[in-house]
Amino acid sequence: MIRTSLTDLVGINYPIIQGGMAWIATWELAAAVSEGGGLGIIGAGNAPIDWVRNQVQAIKAHTDRPFGINVPLFSPFAAQVIELAIEEQVAVMTTGAGNPTPFIEPLKNAGVIVIPVVASASLARRLERAGADAVIAEGEESGGHIGSVSTMSLIPLVTDAVSIPVIAAGGVGDGRGLVAALALGAAGVQMGTRFICTDECIAHANYKGAIVKANERSTLVTGMSIGHPVRCLRNPMSREFESMEKAGVSEEQVIEFGTGRLQMAAMQGDIVQGSLMAGQISGLVHDIIPAAELLRRINDQAEALLARMATWAQPEEVTG
Ligand code: TUI
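Residues numbered from 1 in each chain as written. Predicted model: local features only at pLDDT ≥ 70, side-chain atom pairs only at ≥ 80, totals over all residues. Heavy atoms only, no water.

1. Here we look at helix α8 (residues 175-183)
No. 1: Listed as buried for α8 are Gly175, Gly177, Leu178, Val179 and Ala181.
No. 2: Buried positions along α8 lie against β1 (16-18), α7 (151-161), β8 (166-169), β9 (188-191) and α14 (291-310).
No. 3: Downstream of α8 by one or two residues, glycine 185 has phi in the positive range, about 105°. (Buried < 20%, exposed > 50% of the residue type's maximum accessible area, 1.4 Å probe, protein only. Helix = DSSP H or I, 4+ residues; strand = E, 2+ residues; numbered from the N terminus. Contact = heavy atoms within 4.5 Å.)

As structure tokens, then:
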């Protein structure tokens, strides 16, 4: 067992949490991750509040273990999702794509653990002061909406900036990634892309297949021109998006072109015209397995690696 300040804070077996991916991280995946000993997260995305409420009811019927809800703060329903987390006494609330300061106090007063996603050390510092219980530091290797600093640089910068637990995200897909994150000072990891390729994830088989097929050069970043960079797999849709941006089309046209594309890929399996949000770690994903098996595999790989690495440091030989 790898026990860290994250496993203690949340009450989980493995220091691994699942990313709150819109349209993809439904109760089925979240329940499987929580039952498997990690922290499952329901991704609220832009979904209306009734959808989120149904998801919470469903997961409660399938697991007694702690789980969380994620909401990107640009969702028109963000405030209602946070109210729901309070009402339903959800264990953990994670937020993305913005500054959740106004929501921290009400959540904490209700006993909800608050873990915002940050892409900078400065926001991490501000959120620690505002009462966040931990932060997820997400590097630009991640899929979906991203910041501009790599995980390798961001994690030590954030761990130096705050004393609350830091969870590393972006470019983590196996036990080596977990050990690397711990070495950089993190208390655990969040993985998104890797969890898409599990049996319980409801994402369309075509989406999972595209990730399994991908290599390290398969992703690109769209939406930079509208201040909303999103990493996704290269396909006809993202290449067209890229050329529209290069040609300097208007912000309205870019937004109109991009809207609804994630749902097309995740639900309908349209891997040509849909947006396949995924991280650079896609190249490392080779199979689709149950979430619990994935958690065990990553833990076992990390434990073996830690044990091996402990033998590397040799005491200085005394000579003469
Ligand atoms: O939120 C994410 N990733 C996401 S949300 C999302 S939903 C979507 N659906 C359709 C089209 C486009 C998006 C897809 N991917 N990750 C968490 C994250 N948060 N990454 C970076 C940040 C972040 C960036 C800036 C957090 C805070 C921040 O602060 C700015 C500020 O206000 O200081």
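Still more to cover.
2. Notes on the environment of arginine 217
No. 1: Within the secondary structure, arginine 217 sits in the loop between α10 (205-213) and β10 (219-222).
No. 2: On the accessibility criterion, arginine 217 (61% relative accessible area) is exposed.

3. Details of the packing of aromatic side chains
Think of a pair of aromatic rings as described by two things: how far the centres are apart, and how the planes are tilted against each other in angle.
No. 1: For the coordinates displayed, the defined rule picks out one aromatic pair.
No. 2: With a centroid separation of 5.6 Å and 80° between ring planes, the pair formed by phenylalanine 241 and phenylalanine 257 is classed as edge-to-face. With phenylalanine 241 in helix α11 (residues 236-246) and phenylalanine 257 in helix α12 (residues 251-258), the pair connects residues that are 16 residues apart, well separated along the chain. Pair check on accessibility: phenylalanine 241 and phenylalanine 257 agree, each one buried.
No. 3: Here the guanidinium or amino end of arginine 261 rests over the ring plane of phenylalanine 257, the centre of that ring lying 4.3 Å away. (Phe/Tyr/Trp six-rings, centres within 6.5 Å; stacked < 30°, edge-to-face > 60°. Lys NZ or Arg CZ within 6 Å of the ring centre and 35° of its normal.)

4. Considerations on the packing of helix α2 (residues 27-35) against helix α3 (residues 49-62)
No. 1: It is the contact of α2 with α3, at a shortest axis distance of 9 Å, that shows an interaxial angle of 35°. Of the two elements, α2 crosses α3, and the hand of that crossing is right-handed. Contacts between α2 and α3 involve Trp27, Ala30, Ala31 and Glu35 from the former and Gln55, Ala58, Ile59 and His62 from the latter.
No. 2: Considering only residue class, the contact of α2 with α3 consists of five nonpolar, two polar and one charged. (Axes fitted to C-alpha atoms, helices over the stretch in contact; angles between N-to-C directions. Left-handed = near helix turned anticlockwise from the far one by under 90°. Nonpolar A, V, L, I, M, F, W, Y, C, P; charged D, E, K, R; others polar.)

5. So, the pattern of salt bridges
No. 1: Applying the stated rule across the entire model yields seven salt bridges.
No. 2: For arginine 176, the salt bridge identified is with aspartate 174, shortest N-O distance 2.7 Å.
No. 3: Since its relative accessible area comes to 48%, arginine 176 is described here as partly exposed.
No. 4: Salt-bridge contacts for arginine 297 lead to aspartate 287; the nearest nitrogen and oxygen are separated by 2.7 Å. Linking arginine 297 in helix α14 with aspartate 287 in the loop between α13 (261-266) and α14, this pair joins segments that are ten residues apart in sequence.
No. 5: With relative accessibility at 36%, the residue arginine 297 sits in the partly exposed group.
No. 6: One network of salt bridges, with partners in common, ties together Arg194, Asp287 and Arg297. (Salt bridge = Lys/Arg side-chain N within 4 Å of Asp/Glu carboxyl O.)

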